[in-house]
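Here is how the chains run, residue by residue.
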Amino acid sequence: MSDVAAIDEAATLYYSLVDRAWRLGSLRYKLDRTQRQLYDWILTGEGKRKRFVIEAARRLGKSYLLLVFAIETALRHRNVRVNYAAPTVKAAREIAIPLIRQIVADAPEDMRPEWRESTGHLECRNESFVAVFGADDEAQADRGRGTAAFANVVDEGGFSPVL
């Protein structure tokens, strides 16, 4: 087999695995080693509880990790709401939304969640959604209210004036 044929075969396998991961709602492959350790802690063992706090260094990719977790949760469960609160509306727009676009970029077309600016929701094909909002004040934080949330993710909670 030539090098080009081997590379083509590897690429085909990679895209097949990415497609399968999205269909299973398993996005762990998007995380680096440190993020995977935190992810595993959240989902198993010590982290498997209703509330947890991640205290880690800057630039670790915590926002990315939390958004992967939120999107994955929405993909795995039909017709659920997952709340993602950023400390401010500006942080939601400048940090969370670009990360969401990065995360969903390799999703198969028929599985790709769609961002709805009008609602601030990332809508999945299974009728679940991730509600993204800032918690600048109580009025903004109230966007997390409404139908019962299946999961709530608060990013940089220490910088939110209402928490």
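Located above this text is the structure these notes cover.
Residues numbered from 1 in each chain as written. Predicted model: local features only at pLDDT ≥ 70, side-chain atom pairs only at ≥ 80, totals over all residues. Heavy atoms only, no water.

*Asks:* Go over the pairing of strand β4 (residues 129-134), please, and point to the residues and values.
*Replies:* If a strand is regular, its side chains alternate between the two faces of the sheet. Among the six residues in β4, six count as buried, and that is most of the element. Side chains Phe129, Ala131 and Phe133 project from β4 onto one buried face, and the interleaved Val130, Val132 and Gly134 project onto a second face that is buried too. When strand β1 (residues 81-86) meets β4, the two strands line up parallel, connected through six bridges. Within β4, the position partnered with tyrosine 84 by the bridge is valine 132. Two elements, strand β3 (residues 121-123) and β4, share three bridges in a ladder whose sense is antiparallel. Residue pairing across strands places leucine 122 opposite valine 130, the latter belonging to β4. Connecting β3 to the next strand, β4, in antiparallel fashion are five residues, including glutamate 127 with a positive phi near 75°. (Buried < 20%, exposed > 50% of the residue type's maximum accessible area, 1.4 Å probe, protein only. Helix = DSSP H or I, 4+ residues; strand = E, 2+ residues; numbered from the N terminus. Pairing = 2+ DSSP bridges.)

*Asks:* Any details on the pairing of β1? Residues and values, ideally.
*Replies:* The buried fraction of β1 is high, at six of six residues. With burial as the criterion, each face of β1 is covered, one bearing Arg81, Asn83 and Ala85 and the other bearing Val82, Tyr84 and Ala86. Strand direction decides the pairing type here: β1 and strand β5 (residues 149-154), joined by five bridges, are parallel. Of the residues in β5, the one forming a bridge with valine 82 is alanine 151.

*Asks:* I'd like a description of the packing of aromatic side chains, backed by residues and values.
*Replies:* If you walk through the whole model with that rule in mind, you get one aromatic pair. Note on tyrosine 14 and tyrosine 15: the rings are 5.2 Å apart at their centroids and 75° apart in plane angle, and the pair reads as edge-to-face. (Phe/Tyr/Trp six-rings, centres within 6.5 Å; stacked < 30°, edge-to-face > 60°.)

*Asks:* Which residues make up the pattern of salt bridges, and what values do they have?
*Replies:* With the rule as written, the count across this model stands at 11 salt bridges. Linking arginine 23 and aspartate 19 is a salt bridge whose minimum nitrogen-to-oxygen distance equals 2.8 Å. Remark: aspartate 19 and arginine 23 occur in helix α1 (residues 3-24); sequence separation between them is four residues, near one turn of the helix. Put simply, aspartate 110 and arginine 23 hold a salt bridge, and the shortest N to O gap is 2.8 Å. Within this pair, whereas aspartate 110 is found in the loop between α4 (89-104) and β2 (114-116), its partner arginine 23 is found in helix α1, the two being separated by 87 residues in sequence. A relative accessible area of 45% places aspartate 110 in the partly exposed class. On the basis of relative accessibility, which here comes to 38%, the residue arginine 23 falls in the partly exposed class. Linked by salt bridges that have partners in common, Glu114, Arg116, Glu123 and Arg125 make up one network. (Salt bridge = Lys/Arg side-chain N within 4 Å of Asp/Glu carboxyl O.)

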